[in-house]
Amino acid sequence: MAINVLIVDDSAVVRAMILKTLRASGLDVGEAHQAANGRAGIDQLSQHWVDVAFVDINMPVMNGEEMIDQVRANPVWADLPIIVVSTEGSETRIERLQEKGARFVHKPFSPEAVRDVLGEMLGVMHESD
Amino acid sequence: MNPTEKAIRDVAEETLASLAFMFPMEDAGGDAGEMVTATVGFSGPLAGTLIVSAGAEMLDPLAANMLGLDDGEALSGDQRLDAFRELANVICGNLLPVVASPRDVFNVHEPQMVEPGQTPTAPDGRAPAGQVELAMDEGCLRLALLLDASPAAVPAGGGSDA
């Protein structure tokens, strides 16, 4: 079954990297929506059904943590699987994000790291495993 | 090389290898030619700016490697600069927990391109906390860490465990 994804990062290059990684990992990517900040990410969620969101932390307009707070506060999206893809190195902040139900992939990321976290979150198994 | 410079070098080398499959050589130096510069400001337990300058010839292979493009696939100017800003962002984000503490929380600001001749300097004319130059087949990379706090605020052992 195809999985719809939302990728939120202020770098278009990083968004392209994540999408390419997902497709290369063998995941059946359906619709791939993108946004350059948390506010635009919320707008995308309002317009499209999304199965999993990849969210950066440091972004202009609305950062990733604020976006996650808004997502968790909305009953429609409260259980949305969220994977934070960020340079964030603070153990304090990472723990805070995990308490909000987000998983974490550290930049720079390997395709395997993204695939493994996604697999754990969604229970997606790949023939290449 | 002081501990901060070792931390900068270690983080930059690891980032270049992981993000763009670029591997610095031992001997840096020489005329780098035209350079492009990005700055990444940060605030928190330490505040300051990381300045990252790259030889202009490095932008194409950097963006192409990050995007996994095949030979001959075209790049836009936006992608070149976007990839360079992201490189600066990733280096800064990974450097801060090393020069400070892993539990410290920083706000890392959006990377900004800097016009030639407009590169910021440390407050009060102080020397950077650390500056490093890396040479690669694709071009050279220069990094300087400016801190708003006094140099004494940098942990003496910063970077030794990076």
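Residues numbered from 1 in each chain as written. Chains lettered and ligands numbered in written order. Predicted model: local features only at pLDDT ≥ 70, side-chain atom pairs only at ≥ 80, totals over all residues.

## Considerations on the overall build of chain A
The helix and strand inventory of chain A stands at five helices and five strands. Taken from the N to the C terminus, the helices and strands of chain A come in the order β-α-β-α-β-α-β-α-β-α. Relative to the 2.2 N^0.38 estimate, which gives 14 Å for 129 residues, the radius of gyration of chain A is 13 Å and therefore close to what a compact globule would have. Overall size of chain A, expressed as C-alpha extent along the three principal axes, is 40 × 35 × 25 Å. (Helix = DSSP H or I, 4+ residues; strand = E, 2+ residues; numbered from the N terminus. Rg over C-alpha atoms; globule rule 2.2 N^0.38 Å.)

## Things to note about the interface of chain A and chain B
Contacts between chain A and chain B engage 19 residues on the former and 25 residues on the latter. Residue assignment for the side of chain A that touches chain B shows that the elements contributing at least two residues are helix H1 (12–24) and helix H4 (91–99) of chain A. For the side of chain A that touches chain B, the element with the highest residue contribution is H1 of chain A, accounting for six residues. For the side of chain A that touches chain B, the residue count by class is seven nonpolar, six polar and six charged. (Contact = placed C-beta atoms within 7 Å. Nonpolar A, V, L, I, M, F, W, Y, C, P; charged D, E, K, R; others polar.)

## Some remarks on the confidence of the model for chain B
Residues and elements named next belong to chain B. Taken residue by residue, chain B gives an average pLDDT of 86. The fraction at 70 or more is 87%. This model gives residues 155–162 a pLDDT under 50, and the stretch forms 21 contacts once residues within four places in sequence are excluded. Reported for the predicted complex are a pTM of 0.88 and an ipTM of 0.87. (pLDDT = per-residue confidence, 0-100.)

## Topic: the confidence of the model for chain A
Residues and elements named next belong to chain A. Mean pLDDT over chain A: 91, with 95% of residues reaching 70 or higher. The least confident element of chain A is helix H5 (residues 111–122), whose mean pLDDT is 88; the most confident is helix H2 (residues 38–47), at 98. Here residues 125–129 is a poorly scored stretch, pLDDT under 50, and it has seven contacts once near neighbours within four places are set aside; other chains count.

## A few points about the packing of helix H1 (residues 3–20) of chain B against helix H3 (residues 77–99) of chain B
Residue and element names in this part refer to chain B. Two numbers describe how H1 lies on H3: the axes approach to 9 Å, and their chain directions differ by 140°. The angle between H1 and H3 places the two elements in the oblique class. Seen from above, H1 lies across H3 with right-handed handedness. Contacts between H1 and H3 involve Thr4, Ala7, Ile8, Val11, Ala12, Thr15 and Leu19 from the first element and Leu87, Val90, Ile91, Asn94, Leu95, Val98 and Val99 from the second. (Axes fitted to C-alpha atoms, helices over the stretch in contact; angles between N-to-C directions. Parallel < 35°, antiparallel > 145°, perpendicular 65-115°, else oblique. Left-handed = near helix turned anticlockwise from the far one by under 90°.)

## Description of the sheet that holds strand S5 (residues 102–106) of chain A
Residue and element names in this part refer to chain A. One open sheet accounts for five strands, arranged S2-S1-S3-S4-S5; its pairing is parallel. Two strands close off the open sheet at either side, each with one partner strand: strand S2 (29–35) and S5. Averaged over all neighbouring strand pairs, the angle between strand axes comes to 20°, with direction disregarded. As paired strands, strand S3 (residues 52–55) and strand S4 (residues 82–86) are joined by three bridges and run parallel to one another. Note on S4: the bridge partner recorded for alanine 53 is isoleucine 82. Relative to the sheet, helix H3 (residues 64–73) contacts strand S1 (3–8), S3, S4 and S5, its axis offset from that of S4 by approximately 175°. Contacts from H4 reach S4 and S5, with the element oriented near 145° to S5. (Pairing = 2+ DSSP bridges.)

## Brief notes about the nonpolar core
The nonpolar side chains of a soluble globular protein tend to be buried, and buried together. Residues and elements named next belong to chain B. Within the largest apolar cluster, 81 residues are counted, with the highest numbers of intra-cluster contacts made by Leu50, Val52, Ile91, Leu95 and Leu143. Top element by residues in this core is H3. It accounts for eleven residues. Excluding residues within four positions of it along the chain, valine 52 makes contact with Thr37, Ala38, Leu87, Ala88, Ile91, Leu141 and Leu143. (Core = buried A, V, L, I, M, F, W, Y, C linked by C-beta atoms within 7 Å. Buried ≥ 20, exposed ≤ 12 C-beta atoms within 10 Å, placed from the backbone.)

## Points about H5 of chain A
Residues and elements named next belong to chain A. If you check H5, its first and last C-alpha atoms are 16 Å apart, about what twelve residues at 1.5 Å a residue would give, namely 16 Å. When H5 is considered as a whole, its buried residues turn out to be Val114, Arg115 and Leu118. Down the axis of H5, the buried side of the element spans an arc of 95°, and every buried residue falls inside it. Of the exposed residues in H5, those oriented more than 90 degrees away from the buried face are Glu112 and Glu120. With its phi angle positive at about 70°, glycine 123 sits one or two positions after the end of H5. (Expected span 1.5 Å × (residues − 1). Arc of directions from axis to C-beta.)

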